[in-house]
Every structure is written in C-alpha cells, then in structure tokens.
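Residue-level structural notes
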Amino acid sequence: MVSLDANTQQKWEQLLNWFLPYKRVGVALSGGVDSALVSSAAVSALGKENVVAYSIQSTMELPQEIDLAAEIARFLGLKHVVLHLDELKDERITANPIERCYFCKLIRMQKIQAAAKEESLQVLLDGSNADDLDDYRPGRRALQEVGVFSPLAEVGIPKAMVRQLAKWQSLSVWDKPSTPCLASRFPYGIEIDLQKIQQVACAEKYLKQSGFAIVRVRYHQEVARVEIPGEDFDLFLTQREEINHHLKQCGFKYVTLDLQGFRSGSLNEGIK
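Let me begin by describing the structure that accompanies this report. Owing to the predicted nature of the structure, the values given are computational and were not obtained by experimental measurement.

Side note on the environment of Ala 45
Mapping Ala 45 onto the fold places it in helix α2 (residues 33–46). For the pair Ala 45 and Trp 18, spaced 27 residues apart in sequence, the C-alpha to C-alpha distance is 8.9 Å. Not counting residues within four places of it along the chain, the set of residues in contact with Ala 45 comprises Leu 16 and Phe 19.

The following block contains the structure:
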C-alpha cells in the first residue's frame, strides 16, 4: 500500500476541496497521468455519476492514447465520450506557426465544450499541473479563453506529486511517460501533413517496441533526430543498424542520435 507524506496528503485534500463549489464536471481525459488524476479526484469529491470524461481521437495522437483513456474511464466508472477531430484540415495548425499549440488546444476544447452542453456540466477541466506553468505553452491561453480550469495547477501540484498521488490512487498510468501530440515533433515553420505524422509515429512505435520507454523522434525533413535519455545511449548504439534500417523504412533518409539526450519541449529552446 502506497503511503503519502504529510505535504502530499494535504495537497490531495486541497485538490478535493477545489471541487466543492461544483456538482457536475467534465474532464478532458487524454490517457496521461495528469488528466487521470484530475478524473480520479473528481470522482472522489463528487461521485462518478457527476463526472463525464471527454477524449479526442485524432491523427495527431498515437493510437494507444485513446485506448489508455478508455481504460482509465472504465477503471473509474466514468461515462466516456470520444470525439473525432482532424486538426490537419485546419491551415492554422498545418502551417505549424509558433502559436500552433494555441490553435490546436482551442479547437479541441471548443469541440469538447460543444459536446459538454448536452450534459449540464458546470465546468470543464484539464490536467495541466504546476510544472506546466514554467514552460512555453501557448495552449494555456486557449484554455483560459474557452473557460477550462486546471485544478492541479491551481492547487500547486507538480508532476512528481501527480505521479505519487496517481500511484496511491491505483491508476495504471501513474508512471507513464508524457506523450504530447505528434505535432510537437516538428520544428516551427515546417508544414505538417498526414504523411509526415505517420513517419514520426512509425519511428516512435518501433523504438518503443525496441525497449525505449521515453523517446521523441524530431522531424527535420530527411533527418530523424532521436531523443532518448542518456542512460539509454548504449542500448541505442547496440541496436544502431536495426534502428537505422527500420527508421529508413518509415521514410527517413538519415537517422541521428541527439547527444544532449531527451528533454521535453526541446523545439521550444530559444523561444522566450
């Protein structure tokens, strides 16, 4: 049985108290640990009958993400609404400007907001945590414009504590690596289309099947720049011939290993 230290227990109680002004809420459930914890807290505070989970099924997400979201919803006993969205039909996104994440988050949350009107929900929530406030995240502005709240961020719960609480709540995704949408693999200004998305998805699927739990394949035209944690470099090099072959099969001409290693949001480096 996982136990909590006094500070984490206090944060959990603050999170439950956050829900007290509401009777029915909707949660944007992505399949990741953050939104899973928000869903679990909502159930603990309000009861499962007063929580509705919404997930977006998109070509810009790895297919297994929607499966994980469904698994979480079943575990918590939630009504789960899956909405289909093709962001690649929106030129504001395919052009891949610096504000791409804003436009993507905006149309996703508007889609969820429209569906939520049928449920008489008082508020929509997402899984942004306290650490997300320190990164370049234009999607935060979209959340504010649509009126979506982020309980974890508001209560001040960082990622490490999210994982601790999720494990305590027996959520299967408590140690799942973050998996942002595949558009985040493209440097700003490089146009995004379905073929490129599929290239990246193909490459990351193979690498994950080869033992790399944390991996990003950054798209640089003919070059796949692979980011993995430094401790996985030896494993990568022992498999370099197979990796090179398979990533070329995915459509890349060259395969490189980023010697700086994995870091979340590396394509935001230099943006202020």
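Following the structure, the description resumes.
Thoughts on the packing of aromatic side chains
Tallied over the full model, the rule gives eight aromatic pairs. Where Trp 18 meets Tyr 22, the ring centres are 5.5 Å apart and the plane angle is 40 degrees; that geometry is what we call tilted. The exposure class assigned to Trp 18 is buried, which follows from its relative accessible area of 14%. Relative to Phe 103, the ring of Tyr 102 lies with its centre 5.2 Å away and its plane at 65 degrees, an arrangement referred to as edge-to-face.

Notes on the nonpolar core
Ranked by size, the top nonpolar core spans 52 residues in total, and within it Tyr 54, Met 60, Ile 112, Leu 207, Ile 228, Phe 236 and Leu 247 carry the most contacts. Element by element, the count of residues in this core is highest for helix α5 (residues 100–116), at nine residues. Sequence-distant contacts of Leu 247, defined by excluding residues within four places in its chain, comprise Ala 203, Tyr 206, Leu 207, Ala 224, Val 226, Phe 252 and Val 255. With 35 residues, the next largest nonpolar core counts Leu 37, Val 43, Val 155 and Val 162 among its residues.

A closer look at the sheet that holds strand β2 (residues 51–57)
Read from one edge of the open sheet, five strands run β3-β2-β1-β4-β5, paired in parallel fashion. Of all strands in the sheet, those bounded by a partner on one side alone are β3 (79–84) and β5 (148–149). Across six bridges, the pairing between β2 and β3 is parallel. For Tyr 54, the partnering residue across the bridge sits in β3 and is Val 81.

Focus: the sheet that holds strand β7 (residues 223–227)
Each strand in a sheet pairs with its neighbour through backbone hydrogen bonds, running either in the same direction (parallel) or in the opposite one (antiparallel). Taken in spatial order, the three strands line up as β6-β7-β8 in an open sheet, and their pairing is mixed. The sheet is open, and its two edges are formed by β6 (216–220) and β8 (254–257), each paired on a single side. Each strand of the sheet is rotated relative to its neighbour by a mean of 25 degrees, with strand direction disregarded. Examined bridge by bridge, β6 and β7 share five bridges and lie antiparallel to one another. Residue pairing in the sheet places Val 217 in a bridge with Val 226 of β7. Strand contacts of helix α9 (residues 194–209): β6 and β7, with the helix running at about 150 degrees to β6, the strand carrying the most contacts.

What counts and what doesn't
- Residues numbered from 1 in each chain as written.
- Predicted model: local features only at pLDDT ≥ 70, side-chain atom pairs only at ≥ 80, totals over all residues.
- Heavy atoms only, no water.
- Helix = DSSP H or I, 4+ residues; strand = E, 2+ residues; numbered from the N terminus.
- Contact = heavy atoms within 4.5 Å.
- Phe/Tyr/Trp six-rings, centres within 6.5 Å; stacked < 30°, edge-to-face > 60°.
- Buried < 20%, exposed > 50% of the residue type's maximum accessible area, 1.4 Å probe, protein only.
- Core = buried A, V, L, I, M, F, W, Y, C linked by side-chain atoms within 4.5 Å.
- Pairing = 2+ DSSP bridges.
- Axes fitted to C-alpha atoms, helices over the stretch in contact; angles between N-to-C directions.

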